[in-house]
Amino acid sequence: MHRFYIEERLGVGVKAEIKGAEVRHIKDVLRHQCGDQVVLFDGSGMEFEGRINGFTKDGVTVDITEEREGDTESPVEIILGQGMPKSDKMDLIVQKSTELGVSRIVPLYTERVVPKSFSANKIERWRRIAVEACKQSGRVKVPVISEPVSIDQFVKDAEPSSLKLIPWEGEKEASLKKVLPITLRNSKVTFIVGSEGGLTNSEIVNAKGYGFIPVSLGRRILRTETVPLVLLSIVQHLYGDLA
């Protein structure tokens, strides 16, 4: 059955209405008809099965008949602080990080990110990409895409009990393998990933002061859009549900 996201809270017996771009997709591409079964999710962690009972000019109405708790969310809460990259690389980072179970993505202004006037349209675009990735991957919780903040603010606000890691090409001793613990305290991990220019020494020193651990990812230099996918995959394999 096809899955669709609805922002309003759902429940058995509720008559839900699918709106927006999904309507044309349902009518003209999927060619759904009254009586067809669909699955809805509202980001609460639940899935809702229902039947299409009608079409309007701007929407598709669904009678919800069953609810169930989703089982596709990772037991690990992962927060990604991502230095804002150039071009549309953030689209890929949001999409793939969502598929891999990230909980929250915070775009970061760093010393090597040129500050620009930031459009709210970008945040909305990334949120739409996250929703689409949830639909595709079967997730029932949409990761939070936060407003951009400075890296200084991000390290100050980071959860003290979280395992806090910061990949850095200047780290020569502490590999990720050496640093990762056998068990994960509180099942929380926070990453900082620099943009194309990397992070400065002063940013690393400041982050260390707030408990972040610089780690090496090996001898090869990875692109900024590759790093979060590597980190998420390793953490989900060791502590999450990617096994």
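Since the structure is predicted, the reported quantities are computational estimates derived from the model, not experimental observations.

Calculation criteria
Residues numbered from 1 in each chain as written. Predicted model: local features only at pLDDT ≥ 70, side-chain atom pairs only at ≥ 80, totals over all residues. Heavy atoms only, no water. Phe/Tyr/Trp six-rings, centres within 6.5 Å; stacked < 30°, edge-to-face > 60°. Helix = DSSP H or I, 4+ residues; strand = E, 2+ residues; numbered from the N terminus. Buried < 20%, exposed > 50% of the residue type's maximum accessible area, 1.4 Å probe, protein only. Lys NZ or Arg CZ within 6 Å of the ring centre and 35° of its normal. Core = buried A, V, L, I, M, F, W, Y, C linked by side-chain atoms within 4.5 Å. Contact = heavy atoms within 4.5 Å. Pairing = 2+ DSSP bridges. Axes fitted to C-alpha atoms, helices over the stretch in contact; angles between N-to-C directions.

Caption draft 1: Molecular detail of the packing of aromatic side chains. According to the stated counting rule, one finds one aromatic pair in the structure shown. Where tyrosine 5 meets phenylalanine 41, the ring centres are 5.2 Å apart and the plane angle is 50 degrees; that geometry is what we call tilted. Of the two residues, tyrosine 5 sits in strand S1 (residues 3-5) while phenylalanine 41 sits in strand S3 (residues 37-41), which places them 36 residues apart along the sequence. Classification of tyrosine 5 as partly exposed rests on a relative accessible area of 22%. Taking relative accessible area as the criterion, phenylalanine 41 reaches 0% and is therefore assigned buried. The side chain of arginine 3 reaches across the aromatic face of phenylalanine 41, ending 4.5 Å from its centre.

Caption draft 2: Quick look at the nonpolar core. Grouped together as the largest cluster of nonpolar side chains are 29 residues, with contacts concentrated most on Val94, Trp126 and Phe191. The element best represented in this core is helix H7 (residues 227-239), accounting for five residues. Not counting residues up to four positions away in its chain, the partners in contact with phenylalanine 191 are Ile78, Ile79, Leu80, Gly81, Phe154, Leu165, Leu231, Leu232 and Val235.

Caption draft 3: Molecular detail of the sheet that holds strand S4 (residues 46-55). Here five strands make up an open sheet; going across it, the order is S1-S3-S4-S5-S2 and the pairing mixed. Of all strands in the sheet, those bounded by a partner on one side alone are S1 and strand S2 (15-19). Strand-to-strand twist across the sheet, computed as the mean angle between neighbouring axes with direction ignored, equals 45 degrees. Both S4 and strand S5 (residues 59-69) contribute to a ladder of nine bridges, which runs antiparallel. If you follow methionine 46 over to S5, its bridge partner there is glutamate 69. Strand contacts of helix H1 (residues 21-29): S1, S2, S4 and S5, with the helix running at about 95 degrees to S2, the strand carrying the most contacts. Against the sheet, helix H3 (residues 120-137) engages S1 and S3, with an angle of about 155 degrees to S1.

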